[in-house]
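Structural description and commentary
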Amino acid sequence: MDRAELLAQLQSLVARVDQLAERGRRLSDENRSLRQQQEQLSGERSALLAKNEQARTRVEAMIARLKSLEQHT
């Protein structure tokens, strides 16, 4: 292999390494974004579960009051 071929292969290898490095950066950015979304969605889910529990408690209390009123009539 002559010098020109080695240089061409080296340049090709450098270009490939640059592409892989850029892909790694993009994947890292995407991963960071997905983790942030996951944290946000997890927080929203927790808030919704808490609201659901509060609503369930209120409904159960209303049912108990209605049953109590029903028994007193």
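Each remark here, short or long, concerns the structure printed above.
Overview of the structure. (Residues numbered from 1 in each chain as written. Predicted model: local features only at pLDDT ≥ 70, side-chain atom pairs only at ≥ 80, totals over all residues. Heavy atoms only, no water.)

Right, let's talk about the overall build of the chain for a bit. Looking only at helices and strands, one finds 1 helix and 0 strands in the chain. The C-alpha radius of gyration computed for the chain amounts to 31 Å, which surpasses the reference 11 Å derived for 73 residues by more than 25%, pointing to a less compact arrangement than a globule. By principal-axis analysis of the C-alpha atoms, the chain measures approximately 105 × 15 × 5 Å. In the chain, which comprises 73 residues, the proportion classed as buried is 0%. Split by element, the accessible area of the chain, about 7,000 Å² in all, is 56% carbon and sulfur. (Helix = DSSP H or I, 4+ residues; strand = E, 2+ residues; numbered from the N terminus. Rg over C-alpha atoms; globule rule 2.2 N^0.38 Å. Buried < 20%, exposed > 50% of the residue type's maximum accessible area, 1.4 Å probe, protein only. Areas by Shrake-Rupley, 256 points an atom, 1.4 Å probe, with all protein chains shown as cover.)

What follows deals with a nonpolar patch on the surface. Together, Leu 7, Leu 10, Leu 13, Val 14 and Val 17 make up an exposed nonpolar region whose accessible area comes to about 450 Å². Tracing the chain through its elements places Val 17 in helix α1 (residues 3-71). Of the residues examined, Val 17 reaches a relative accessible area of 47% and is grouped as partly exposed. (Patch = residues over 30% accessible without salt bridge, like charges linked within 9 Å, V, L, I, M, F, W, Y side chains within 5 Å. Salt bridge = Lys/Arg side-chain N within 4 Å of Asp/Glu carboxyl O.)

Where side chains of opposite charge bring their charged atoms close, a pairing between them can arise. Inspection of the entire model under this criterion finds 4 salt bridges. For Arg 56, the salt bridge identified is with Glu 53, shortest N-O distance 2.4 Å. Of this pair, Arg 56 and Glu 53 both sit in helix α1, 3 residues apart, which is roughly one turn of the helix. The exposure class assigned to Glu 53 is partly exposed, which follows from its relative accessible area of 38%. For Arg 56, the salt bridge identified is with Glu 60, shortest N-O distance 2.6 Å. In this pair, Arg 56 and Glu 60 both sit in helix α1, 4 residues apart, roughly one turn of the helix. When its relative accessible area of 40% is taken as the criterion, Arg 56 is described as partly exposed. Connected via shared salt-bridge partners are Glu 53, Arg 56 and Glu 60.

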